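Each chain is listed here by its residues.
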Amino acid sequence: MPKHASSTAAAVRAVAIDPRDLAGPRDGRDTRTRVQLLYGGGMAGHSAVDDLRTRLNPLRSAAGLRERTVAAITAAYEDATIARVAELERRLSGEGLRASLPAPTLALVRDVAAVLVFHQAELGCEIASARLAAELLSIAAAQVRAAELDRAFLIIRHALLRAEDAQAPHDDVPYVPGPSFPRLETFDVEAAAWIQAWTTIGAGLRMVEDEDEILRGGAGQVAPPASDGDLDLDLLDPPRPEAPPAQAPARGVREILADANASRAAPSLVVVPALDHLPKPSSTGQQRRDTPRAEYEAIAGKPLPLAAPVDPQALVDDGVRRYPFARPVLETIASDLVGARHTWIQPTLIASPPGLGKTSLVTWLGGRLGLRTVVYGAGGVSDAAFGGTSRQWGSGRGCVPLQVLLQAMSASALINLDELAYSDEAGRVFRSDAGHHSKAKPATGPI
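Let me begin by describing the structure that accompanies this report. (Residues numbered from 1 in each chain as written. Predicted model: local features only at pLDDT ≥ 70, side-chain atom pairs only at ≥ 80, totals over all residues. Heavy atoms only, no water.)

**Quick word on the nonpolar core**
Here's step 1: Among the nonpolar cores identified, the biggest contains 47 residues, and Leu56, Leu59, Leu88, Leu92 and Phe118 are the most heavily contacted of them.
Here's step 2: Breaking this core down by element, the ones donating at least two residues are α2 (20–23), α3 (34–38), α4 (48–60), α5 (67–78), α6 (82–95), α7 (103–123), α8 (126–145) and α9 (149–166).
Here's step 3: The dominant element in this core, judged by the number of residues it contributes, is α7, at 10 residues.
Here's step 4: Setting aside its immediate chain neighbours within four residues, phenylalanine 118 contacts Arg34, Leu37, Leu38, Met43, Leu132 and His158. (Core = buried A, V, L, I, M, F, W, Y, C linked by side-chain atoms within 4.5 Å. Buried < 20%, exposed > 50% of the residue type's maximum accessible area, 1.4 Å probe, protein only. Helix = DSSP H or I, 4+ residues; strand = E, 2+ residues; numbered from the N terminus. Contact = heavy atoms within 4.5 Å.)

**Quick look at the pattern of salt bridges**
Here's step 1: By the definition in use, this model includes 16 salt bridges.
Here's step 2: One salt bridge connects aspartate 27 with arginine 29, and the closest N-O pair in it is separated by 4.0 Å.
Here's step 3: We classify aspartate 27 as partly exposed; its relative accessible area is 38%.
Here's step 4: With a shortest N-O distance of 3.3 Å, arginine 32 and aspartate 27 are connected by a salt bridge.
Here's step 5: One salt-bridge network, held together by shared partners, links Asp27, Arg29 and Arg32. (Salt bridge = Lys/Arg side-chain N within 4 Å of Asp/Glu carboxyl O.)

**Regarding the packing of α7 against α8**
Each pair of packed helices can be summarised by the angle the axes make with each other and by the distance between the axes.
Here's step 1: Two numbers describe how α7 lies on α8: the axes approach to 7 Å, and their chain directions differ by 125°. In terms of axis orientation, α7 runs oblique to α8. Along this stretch, α7 crosses α8, giving a crossing that reads as left-handed. Counting all contacts with α7, which are made through Val117, Phe118, Gln120 and Ala121, the residues of α8 involved are Ala128, Ser129, Arg131 and Leu132.
Here's step 2: Considering only residue class, the contact of α7 with α8 consists of five nonpolar, two polar and one charged. (Axes fitted to C-alpha atoms, helices over the stretch in contact; angles between N-to-C directions. Parallel < 35°, antiparallel > 145°, perpendicular 65-115°, else oblique. Left-handed = near helix turned anticlockwise from the far one by under 90°. Nonpolar A, V, L, I, M, F, W, Y, C, P; charged D, E, K, R; others polar.)

**A look at empty space enclosed by the protein**
Here's step 1: Inspection of every chain in the model, using the stated rule, returns one cavity of 30 Å³ or more.
Here's step 2: Lining the largest cavity are 21 residues, with Arg26, Gly40, Gly41, Gly42 and Phe181 sitting closest to its centre.
Here's step 3: At the level of secondary structure, the elements contributing two or more residues to the lining of the largest cavity comprise α2 and α10 (181–185). (1 Å grid on protein atoms, 1.4 Å probe; cavity = no way out; pocket = protein on both sides within 12 Å on 5 of 7 lines; lining within 4 Å. Points joined across faces, edges and corners; volume = space filled by probe spheres on them.)

**Some words on the side chain of serine 410**
Here's step 1: Tracing the sequence through the fold places serine 410 in the loop between α18 (400–408) and β5 (413–418).
Here's step 2: At a separation of 3.1 Å, a polar atom in the side chain of serine 410 contacts the main-chain amide nitrogen of serine 412.
Here's step 3: If we ignore the near neighbours within four places in the chain, the residues touching serine 410 are Leu304, Pro305 and Leu405. (Polar contact = N/O pair within 3.5 Å; in protein donor to acceptor, adjacent residues only side chain to side chain.)

**Comments concerning helix α15 (residues 312–322)**
Here's step 1: Taken as a whole, α15 has its buried residues at Pro312, Leu315, Val316, Gly319 and Val320. Buried residues of α15, viewed axially, fall in a sector of 120°; they line one side. Projecting away from the buried face of α15 at angles above 90 degrees are the exposed residues Arg321 and Arg322.
Here's step 2: Close packing links the buried residues of α15 with α16 (327–334) and α17 (358–368).
Here's step 3: Two or three places before glutamine 313, at the start of α15, stands the capping residue aspartate 311, its side-chain oxygen 3.1 Å from that residue's backbone nitrogen. (Arc of directions from axis to C-beta.)

**Re α9**
Here's step 1: With 18 residues, α9 extends 25 Å between its outermost C-alpha atoms, agreeing within 8% with the 26 Å of an ideal straight helix rising 1.5 Å per residue.
Here's step 2: For α9, the tally of buried residues reaches 14 of 18 residues, placing the bulk of the element in the interior. (Expected span 1.5 Å × (residues − 1).)

Fair warning: the whole summary comes from geometry, so function is off the table for now.
Laid out in structure tokens, this is it:
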């Protein structure tokens, strides 16, 4: 196998972390090419229906199409079912063979016909998923032969997803839009295990070939060392050949999966880099933990785990079921989670008259995101205590966020600044010791 940049472990790692060079951006703002879809690219608007309508719009006014094809386009545009998209694929594939079509129309027809199998698979068609799985495995085999292992990794991952979908038909399950990359990333471990398994299988096949050569004529055998016989010529025997190094036993799939899971451990963050600049506490202060160094020594220089990300669409769906009025707020927050490697949301301002459920919504949101959630009563606050107090005669105090992270032993938390509108200086509670202010983005909606 030739060795080049695409065959290195670093290349595979790079595409596993960020496949956008091959699969396209994850923002869902536009349609992707067929090649990008094969590598795991997503649909426009993170929805197969929206993507289909975006692609069909130019065809609705294209010249030269047969009446039945136009009718199939209209039907699929108005109601994108598996049957209608399959019929449209058949019609457009036939139109693509007509040399009499105007060149612009012909190009559009062929481009759309080539990607409709992806829309059928997303809508739950097991036959379309099986077609894609077969095509993807064929492509992966060619890429492995060409040592393009970074590309092969993405293709194998996608093939595993489609093969699983082909075994579980979803014809009777309503289609729920959402980004595709979270599902694809769940197959990273399985793809790594498959690649390692094929390496072991290849070693086993080479052993069979070696044994076959030996049976055919002694290839691979080591001749016994020659001796002097009965003649006392005092000749040195030739050196015995060194035994070949013992091969490490093949690793089991469980071990491979464990290593892969460990390599994809949740990211972490050092919240308190060091406390060496602070005076050492006395033994009494160490016991009381009433000095900053004594209080935060447990997390100084240590990485704290960041909360694992959640599916943004699932977050919105779950939230709307509980708080039907909060869809705009939830969609604003979910937009920060798209493509995130850990849970992170911008400071968000939610305003409404009292009693409509803001505090309850934020508390539920923290639990749904797996974050320690603290309600900080900002009503009547007239100082900067939220940002901590400096070391004074008796003691100092860390800022509220730092106190919460210490309690949670995590680098992720959610703080609800409740009744912010009633603080004496509403903006002051955002102030940090360095004098900076966080910008809060508004979450518009009925609450």
